[in-house]
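One letter stands for each residue in the lines below.
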Amino acid sequence: MPPFNLSSSTPATFVLAGIPGMEKSHTWISIPFCFMYLAALLGNSVLLFVLRTERSLHQPMYLFLSMLAVTDLMLSTTTVPKMLSLFWFSAGEISFGACLTQMFFLHFSFSAESVILLAMAFDRFVAICYPLHYAAVLTQAAIVKTGLVALLRSFCIIFPCVFLLKRLPFCGHNVIPHTYCEHMGIARLACADISINVLYGLAVPFAAVVLDVVLIAISYILILLALFRLPSRTARHKAFNTCVSHVCVILLFYIPAFFTVLTHRFGQEIPRHVHILLANLYVLFPPLLNPIVYGVRTQQIKDKVVKVFLCPTTHLLQD
């Protein structure tokens, strides 16, 4: 079989169709999506500002939280602005290169966030099970290396998807029935065998995330065992409270993600517009709710937000 010409078989642009069957409702749907995105930007920006300016919060737990906030901003900003332009101005056209870029950063941020959640679980594990070794284990160098591992692993897992898509010939229609570009949505437009894309796209990233979930589960099993061994109920309650926010964030991240993947792969009877709506909520809910969960559940962050924004004069005098 002669090799095909990549330049002639690659479309100049794709067209994002939005939510199939709900085109007339795009404007109404965009209103809550826009407010959720703005709230996510504000919440994560405030969180990053407080964590950056307050020296007392320069601890491993909060440094990991800063990484989480940055990743959440990447996840939502990669997709939502283009989604809103599609809803408001019918600007569904996107170049092939821009579509691949959006696809890469979408999946990259998801993978990186999974690693960060695993690192946060390890942080709680060391803090509760080995408190005397906490400062020695979670040094600043260890935190930097963790961030680099999150970036490197995510890059190595997702970057091959770009080549798997660029090798495909696209000689049919160029309309993507979605609000943003994702790996399988692009691959299904190809007029060639995409079995490698299906296998890699499902097996490799999914296996990496499942491994993270298993390790997080093991960490929390060990944490629970350590909590039961604590002699004081007050100590158990205090240690448990330090984990509640992280557990909530884990559930907010993984449950919608796995539900979206499973319904996309096996829920053929579920209408397509339901799939797309769930996928849109997936890129909005974690960035929106994560800073709220940590702001409400973590007393130190709540106090510092009040100190910085409600008592700025006192804050400046103390500094």
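Look above for the structure.
Below: a short report on this structure. Please read these numbers as outputs of a predicted model, since none were measured by experiment.

What counts, and where the lines are drawn
Numbering of residues begins from 1 in every chain and follows the order in which that chain's sequence is written. With pLDDT at 70 or above as the cut-off, local features in this predicted model cover only qualifying residues; side-chain atom pairs require 80 or more to be listed or tallied, and sums for whole chains, interfaces and linings still use all residues. With hydrogens and water excluded, all non-hydrogen atoms of the structure serve as input to the side-chain values. Every angle, taken between N-to-C directions, lies between 0 and 180 degrees, and every axis is a line fitted to C-alpha atoms, over only the stretch in contact when it is a helix. Here a helix means four or more residues in a row that DSSP labels H or I, a strand means two or more in a row labelled E, and each is numbered from the N terminus. When describing relative orientation, an angle under 35 degrees is termed roughly parallel and one over 145 degrees roughly antiparallel, while 65 to 115 degrees is termed roughly perpendicular and anything else oblique. For any helix crossing, the convention is left-handed if the near helix is rotated counterclockwise from the far helix by under a right angle, and right-handed if that rotation is clockwise. Here the term charged refers only to Asp, Glu, Lys and Arg, the term nonpolar to Ala, Val, Leu, Ile, Met, Phe, Trp, Tyr, Cys and Pro, and the term polar to all other amino acids, Gly among them. Burial here depends on accessible area, computed with a 1.4 Å probe over protein chains only, as a share of the maximum for the residue type. Under 20% is buried, over 50% is exposed, and the range in between is partly exposed. Pairing of aromatic side chains requires ring centres within 6.5 Å, counting the rings of Phe and Tyr and the six-membered ring of Trp. Pairs whose planes differ by under 30 degrees are stacked, by over 60 edge-to-face, and all others tilted. Only buried Ala, Val, Leu, Ile, Met, Phe, Trp, Tyr and Cys residues count toward a nonpolar core, and they belong to the same one when joined by side-chain atoms within 4.5 Å. Should any heavy atoms of two residues lie within 4.5 Å, those residues are considered in contact. Note on pairing: two strands pair once DSSP finds at least 2 bridges between them.

1. A closer look at the packing of helix H2 (residues 26-53) against helix H3 (residues 60-89)
Now for step 1: One can describe the packing of H2 onto H3 by two numbers: an axis separation of 9 Å at closest approach and a directional angle of 155°. Regarding the angle of H2 to H3, the classification is roughly antiparallel. Note that H2 runs across H3; the crossing there is left-handed.
Now for step 2: Considering only residue class, the contact of H2 with H3 consists of 20 nonpolar, 7 polar and 1 charged.

2. Quick look at the environment of Val 198
Now for step 1: For Val 198, the location among the structural elements is in helix H8 (residues 195-229).
Now for step 2: The class for Val 198 is partly exposed, based on a relative accessible area of 33%.
Now for step 3: Separated by 10 residues in sequence, Val 198 and Arg 188 have C-alpha atoms that sit 9.5 Å apart.

3. Focus: the packing of aromatic side chains
Now for step 1: In this structure the tally under the stated criterion is 17 aromatic pairs.
Now for step 2: With a centroid separation of 6.0 Å and an interplanar angle of 80°, the aromatic rings of Phe 104 and Phe 155 are classed as edge-to-face. Of this pair, Phe 104 sits in helix H4 (residues 96-129) while Phe 155 sits in helix H6 (residues 140-166), placing them 51 residues apart in sequence.
Now for step 3: On the basis of relative accessibility, which here comes to 38%, the residue Phe 155 falls in the partly exposed class.
Now for step 4: The interplanar angle of 75° and the centroid separation of 6.4 Å between the aromatic rings of Phe 105 and Phe 108 together place this pair among those described as edge-to-face.

4. Structural notes on the nonpolar core
Grouped burial of nonpolar side chains is what soluble globular proteins tend to show.
Now for step 1: Formed by 90 residues in total, the largest nonpolar core has its most connected members in Phe 14, Leu 65, Leu 117, Ile 186 and Val 283.
Now for step 2: Among the elements that take part in this core, H4 stands out by supplying 18 residues, more than any other.
Now for step 3: With residues near it in sequence (within four places) discarded, Val 283 still touches Leu 75, Ser 76, Thr 79, Val 80, Met 83, Leu 106 and Tyr 180.

5. A few points about the pairing of strand S1 (residues 13-16)
Now for step 1: Of the two faces of S1, only the one carrying Phe 14 and Leu 16 is buried; Thr 13 and Val 15 on the other face are not.
Now for step 2: Taken together, the 3 bridges between S1 and strand S2 (residues 93-95) define a ladder with antiparallel strand orientation. When the bridges of S2 are listed, Thr 13 appears paired with Ser 95.
Now for step 3: The pairing of S1 with strand S3 (residues 175-176) spans 2 bridges and is classified as parallel. Among the inter-strand pairings, Leu 16 is bridged to a residue of S3, identified as Ile 176.

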